Amino acid sequence: MKVLGHKIELLTGLLLQEVTMAGLHELRFTEEKPLLRGQDTELENSDAFLSTVDTDWKEHDIETPYGLLHVVIRGSPKGNRPAILTYHDVGLNHKLCFNAFFNFEDMQEITKHFVVCHVDAPGQQAGASQFPQGYQFPSMEQLAAMVPSVIQHFGFKYVIGIGVGAGAYVLAKFALIFPDLVEGLVLMNIDPNGKGWIDWAATKLSGLTSTLPDTVLSHLFSQEELVNNTELVQSYRQQISSTVNQFNLQLFWNMYNSRRDLDINRPGTVPNAKTLRCPVMLVVGDNAPAEDGVVECNSKLDPTNTTFLKMADSGGLPQVTQPGKLTEAFKYFLQGMGYIAYLKDRRLSGGAVPSASMTRLARSRTASLTSASSVDGSRPRACTHSESSEALGQINPTMEVSC
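Parameters at a glance
- Residues numbered from 1 in each chain as written.
- Predicted model: local features only at pLDDT ≥ 70, side-chain atom pairs only at ≥ 80, totals over all residues.
- Heavy atoms only, no water.
- Buried < 20%, exposed > 50% of the residue type's maximum accessible area, 1.4 Å probe, protein only.
- Helix = DSSP H or I, 4+ residues; strand = E, 2+ residues; numbered from the N terminus.
- Pairing = 2+ DSSP bridges.
- Phe/Tyr/Trp six-rings, centres within 6.5 Å; stacked < 30°, edge-to-face > 60°.
- Lys NZ or Arg CZ within 6 Å of the ring centre and 35° of its normal.
- Salt bridge = Lys/Arg side-chain N within 4 Å of Asp/Glu carboxyl O.
- Expected span 1.5 Å × (residues − 1).

## So, the pairing of strand E5 (residues 159–164)
Buried residues dominate E5, accounting for six of its six residues. On E5, burial covers both faces: Val159, Gly161 and Gly163 on one face and Ile160, Ile162 and Val164 on the other are all buried. With five bridges joining them, strand E3 (residues 83–87) and E5 adopt parallel strand pairing. Residue pairing across strands places Thr86 opposite Ile162, the latter belonging to E5.

In structure tokens:
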């Protein structure tokens with residue numbers, strides 16, 4: 001009877017998915033009935049944002065063409081499934097940037113099925129030695145060129161990248177240079193534009209009148225957050241000042257502000273336009289200093305494989321202040337690529353039901369929703385849009401989602 005019930009449930013789920021996916025244009029996450037437990041629970045103490053759960057994590061120093069990279073990793077490659085690789089924002093390291101997100105209960109339910117690899121930019125990890133005077137910090141392009149050494153060292157076939165701010169820029173540049181190594185990207189607070197002369201002068205002036213931690217905080221948080229969310233901001237000010245070497249941080253900050261425009265254009269807008277070939281989810285808080293940059297990046301990406309997610313009631317660090325909602329979005333993103341066929345809907349008394357994927361990638365990717373594409377199995381790598389001309393005719397324009 002249990003087997004029969006399971007078959008009926010699966011058949012029902014597949015039929016429902018056909019209906020749901022065919023009519024999907026927009027999905028809004030409701031605050032009143034969250035899909036994930038605890039996503040709207042406020043943390044009582046800002047220190048909880050920075051808590052660490054480092055059991056099972058292993059640290060490595062990996063040699064690259066442009067120096068050593070500090071990397072922490074959990075798990076081992078699982079079949080044909082990609083690794084989840086993260087890159088933090090300037091002023092942070094992997095702990096300050098991603099602990100709240102990856103320690104979230106439902107995110108751990110996802111990541112236990114993947115190998116997870118956190119990359120710290122050179123000299124930004126806790127306890128890093130100070131670079132000598134005259135040290136030339138790698139350019140943003142060189143930082144991107146260091147990532148393949150990590151992939152080769154661990155034997156990854158390809159990765160799903162999660163980057164924030166400067167880290168999002170690095171991973172986007174990496175995907176442009178090495179597209180075959182990237183299965184998907186989640187880019188938070190990305191700014192595809194280089195600094196103009198006015199911006200450069202303003203940054204220099206800010207550096208003369210403010211301390212480095214305060215200058216970095218204005219990059220991470222909006223003015224409203226700096227004024228109103230004092231507990232969180234003060235916690236990060238203390239952590240940035242005490243755990244990140246200030247000399248090394250200054251070098252990273254200077255290099256990020258010297259970046260060039262990310263060389264991408266929407267296909268068809270200019271001859272031989274370069275774009276990201278993999279599925280991309282752009283994420284920004286509705287009260288984030290990076291909002292304009294993310295909106296512009298969205299305008300430059302291929303609308304057939306891009307989802308723009310603006311998170312309500314969220315500022316410059318949505319992965320810290322809204323880890324539950326971001327986890328939910330990430331689940332849908334993985335589902336769109338065929339890695340998670342079904343999600344548990346806590347609002348229904350029944351079992352697993354097919355979820356309306358937040359992306360439309362499931363309609364254009366080749367992975368079938370069989371046991372091979374479930375989270376407990378491996379699957380052959382799905383072709384990207386650039387590899388399948390038939391898929392292009394099946395996709396709708398970029399979908400903007402609020403949650």
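## A few points about the packing of aromatic side chains
The final tally for this structure, using the stated rule, is 10 aromatic pairs. Ring plane angle 10 degrees and centroid distance 4.0 Å describe the contact between Phe131 and Tyr135, whose orientation is recorded as stacked. For Phe131, a relative accessible area of 15% corresponds to the buried category. Summarising the aromatic geometry, the rings of Phe131 and Phe137 are spaced 6.3 Å apart at their centres and angled 70 degrees between planes, so their arrangement reads as edge-to-face. You can call Phe137 buried: its relative accessible area is 2%. Chaining the aromatic ring pairs together yields one cluster made of Phe131, Tyr135, Phe137 and Phe252. Sitting over the ring of Phe114, Arg81 keeps its end group 5.4 Å from the ring centre.

## A few points about the pattern of salt bridges
Here the structure, examined in full by the defined rule, presents eight salt bridges. The partner of Arg259 in a salt bridge is Asp191, with the nearest N and O atoms 3.3 Å apart. On the criterion of sequence distance, the pair formed by Arg259 in the loop between helix H10 (246–256) and strand E7 (280–285) and Asp191 in the loop between strand E6 (182–188) and helix H6 (197–209) is long-range, its members being 68 residues apart. Exposure remark for Arg259: the relative accessible area of 6% places this residue in the buried category. The salt bridge partner of Lys274 is Asp263, with a shortest N-O separation of 3.4 Å. Placement of the pair is Lys274 in the loop between H10 and E7 and Asp263 in the loop between H10 and E7, with a sequence separation of 11 residues. Looking at Asp263, the relative accessible area reads 38%, which means it is partly exposed.

## Topic: unusual backbone geometry
Of note, Asn189 is a non-glycine position whose phi angle comes to about 60 degrees, a positive value. By the element assignment, Asn189 lies in the loop between E6 and H6. The backbone of Asn272 shows a phi angle near 55 degrees, a positive value even though the residue is not glycine. Note that Asn272 resides in the loop between H10 and E7. A residue is classified by how much of its surface remains accessible, and Asn272, at 78% relative accessible area, is exposed.

## Side note on helix H13 (residues 323–336)
Counted at 1.5 Å a residue, the expected span for H13 with its 14 residues is 20 Å, and the 20 Å between its end C-alpha atoms agrees. With its phi angle positive at about 90 degrees, Gly338 sits one or two positions after the end of H13.

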